[in-house]
Amino acid sequence: MSDYGGFGAIVKEARVLAENPPPVVACPKCGEPLQVNPFGVKSCPLGHWREG
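Quantities reported herein were computed from a predicted structural model and do not represent experimental measurements.

**Student:** When you look at the overall build of the protein chain in this model, what are you seeing that I'm missing?
**Tutor:** Each helix and strand counted, the protein chain has one helix and two strands in total. Helices and strands in the protein chain line up, N terminus first, as α-β-β. The globule rule puts the C-alpha radius of gyration for 52 residues at 10 Å, and the 17 Å found for the protein chain is more than 25% above it. Oriented by its inertia axes, the alpha-carbon framework of the protein chain measures out at about 55 × 20 × 15 Å. Looking at the 52 residues of the protein chain, the share that counts as buried comes to 6%. Taking as baseline every contact in the protein chain between residues at least 6 positions apart, the subset at least 24 positions apart corresponds to 3%.

**Student:** In this structure, what is going on with helix 1 (residues 7-19)? I would like to understand it.
**Tutor:** For the α-helix, the turn length of 3.6 residues means that residues three or four positions removed from each other point alike. Taking 1.5 Å of rise per residue, the 13 residues of helix 1 would be expected to cover 18 Å, and the 19 Å separating its terminal C-alpha atoms lies within 8% of that figure. Helix 1 sits mainly on the outside: zero of its 13 residues count as buried.

Calculation notes
Residues numbered from 1 in each chain as written. Predicted model: local features only at pLDDT ≥ 70, side-chain atom pairs only at ≥ 80, totals over all residues. Heavy atoms only, no water. Helix = DSSP H or I, 4+ residues; strand = E, 2+ residues; numbered from the N terminus. Rg over C-alpha atoms; globule rule 2.2 N^0.38 Å. Buried < 20%, exposed > 50% of the residue type's maximum accessible area, 1.4 Å probe, protein only. Contact = heavy atoms within 4.5 Å. Expected span 1.5 Å × (residues − 1).

Right under this line is the structure:
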């Protein structure tokens with residue numbers, strides 16, 4: 001059976017990313033770099049997003 005131009009590799013990569021997502025380093029809404037407080041909680045300096 002054919003791979004249809006690499007579609008199988010895309011599916012494998014999507015599975016890997018779903019199991020091990022990359023760490024969030026920027027606000028998903030505005031793209032501003034996240035700040036980390038002394039307790040290790042990441043948050044947007046503009047108040048758009050907070051981890052946890």
